[in-house]
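For reference, the chains in residue letters:
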Amino acid sequence: MEILHSKIFGETLSSTPLLVFHGLFGMLDNWGGFGKDLGEFLPTHLIDLRNHGRSFHSEDMSHDDLADDIMRYMSYYGIEKAHILGHSLGGKAVMQFAIKYPQMVDKLIIVDISPKAYPPHHQGIIKALQSVDFDTVNSRNEVEAVLTQYIPEKSTIQFLTKNLYWDDDKKLNWRFNLKTLAEKYTEFVSNAIKFGVFEGETLFIAGEKSNYILPQDEFSIKQQFPKAKIVTVKNAGHWVQAENPVDFAKVVKGFLNLD
């Protein structure tokens, strides 16, 4: 049984822990500043989803698979109940987890995603990533040059190239499992999470400049998460925690009664 890879801040604190899950093509390192900050108040686990970061690779990638990974992670660390936070794909994972294992969730935080199915919208990024030939590129700059042909936003390219590393054969490679993520894309993006209801306290955080959570989504959110509050963070797009880290942390701390 493989356990998700993580980095833990505030491990010796005795309060209810917070588990944090990143989005598609992300990894726990994207949340380092936030983890350090929250780790002053409660044990904060930054966790790599399967097929991402330093976690294991698998051909399976459904919301159920991701939910079961969280359950196994908590069992492994002897955590009976935790606050759970997920961004984007990580948000889908933690919603499914809360519905499937409600007794293991204290407070639930979903960042810039709703339970609905989304139309495929990463095809350009996947095509760009697939077009990098690691037999011919020898530096990060060369990888960036390939990606630039497909992706106009410099911030997106920087986000993706954080996943580059030198493998055992002294070749550059992606940390994420691009093959499975490309093959199973529709399974985890274009599917809604399974219907079910989580009765616990839930916070949805939307980015003001993002269109992932729309006003009309509130009805379906409340159907599955009846206690949901939806808060919008100003001056932030989809990567809320990176684009406005101060306000984002403030909202999370307020919800967890840490301020």
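Procedures and definitions
- Residues numbered from 1 in each chain as written.
- Predicted model: local features only at pLDDT ≥ 70, side-chain atom pairs only at ≥ 80, totals over all residues.
- Heavy atoms only, no water.
- Helix = DSSP H or I, 4+ residues; strand = E, 2+ residues; numbered from the N terminus.
- Rg over C-alpha atoms; globule rule 2.2 N^0.38 Å.
- Buried < 20%, exposed > 50% of the residue type's maximum accessible area, 1.4 Å probe, protein only.
- Pairing = 2+ DSSP bridges.
- Axes fitted to C-alpha atoms, helices over the stretch in contact; angles between N-to-C directions.
- Contact = heavy atoms within 4.5 Å.
- Phe/Tyr/Trp six-rings, centres within 6.5 Å; stacked < 30°, edge-to-face > 60°.
- Lys NZ or Arg CZ within 6 Å of the ring centre and 35° of its normal.
- Core = buried A, V, L, I, M, F, W, Y, C linked by side-chain atoms within 4.5 Å.

Engineer: Please give an account of the overall build of the protein chain that cites residues and values.
Structural biologist: Summing up its helical and strand segments, the protein chain has eleven helices and nine strands in all. A compact globule built from 259 residues would reach a C-alpha radius of gyration of about 18 Å, and the protein chain, at 18 Å, matches this within 12%. Considering only C-alpha atoms, the protein chain reaches an extent of 50 × 40 × 35 Å along its principal axes. By the burial criterion, 55% of the 259 residues in the protein chain qualify as buried.

Engineer: Give me the sheet that holds strand S8 (residues 202-207): which residues, what numbers.
Structural biologist: Consider a sheet: its strands pair through backbone hydrogen bonds, and that pairing is either parallel or antiparallel. Strand order across the open sheet formed by seven strands is S1-S3-S2-S4-S5-S8-S9, with mixed pairing between neighbours. Looking at strand neighbours, the two that pair on one side only are strand S1 (6-9) and strand S9 (228-233), the edges of this open sheet. Going across the sheet, the axis of each strand differs from the next one's by a mean of 20°, ignoring polarity. Where strand S5 (residues 105-111) and S8 come together, four bridges link them in parallel fashion. When the bridges of S8 are listed, Val 111 appears paired with Ile 205. Along the sheet face, helix H2 (residues 63-76) touches S1, strand S2 (18-21), strand S3 (44-47) and strand S4 (82-87) and points at about 145° away from the line of S2. In this fold helix H11 (residues 245-255) packs onto S4, S5, S8 and S9, with an angle of close to 170° to the strand it touches most, S8.

Engineer: Which residues make up the packing of aromatic side chains, and what values do they have?
Structural biologist: Here the structure, examined in full by the defined rule, presents 14 aromatic pairs. Among the aromatic residues, ring-to-ring pairing joins Phe 25, Phe 134, Trp 174 and Phe 176 into one connected group. The ring of Phe 255 is capped by Lys 107, whose NZ or CZ atom sits 5.1 Å from the centre of that ring. The residue whose ring lies beneath Arg 175 is Tyr 165, and the NZ or CZ to ring-centre distance is 4.2 Å.

Engineer: Lay out the nonpolar core with the relevant residues and their values.
Structural biologist: Among the nonpolar cores identified, the biggest contains 63 residues, and Leu 19, Phe 25, Ile 84 and Trp 174 are the most heavily contacted of them. Here this core gets seven residues from one element, more than from any other, and that element is helix H3 (residues 89-100). Counting 22 residues, the second-largest nonpolar core is a separate cluster that includes Phe 9, Leu 28, Phe 34 and Ile 109.

Engineer: Tell me what's going on with the environment of Phe 134, and back it up with residues and numbers.
Structural biologist: By secondary structure assignment, the location of Phe 134 is in the loop between helix H4 (123-130) and helix H5 (140-148). In sequence terms Phe 134 and Leu 172 are 38 residues apart; their C-alpha atoms lie 6.2 Å from each other. Leaving out residues up to four positions away in the same chain, Phe 134 has contacts with Val 143, Leu 164, Lys 171, Leu 172, Asn 173 and Trp 174.

Engineer: Please give an account of unusual backbone geometry that cites residues and values.
Structural biologist: It is generally the case that most residues other than glycine have a negative phi and that most peptide bonds are trans. We note that Phe 25 has phi near 65°; this positive angle belongs to a residue other than glycine. Looking at the secondary structure, you find Phe 25 in the loop between S2 and helix H1 (32-38).

Honestly, it's all geometry; don't read function into it.
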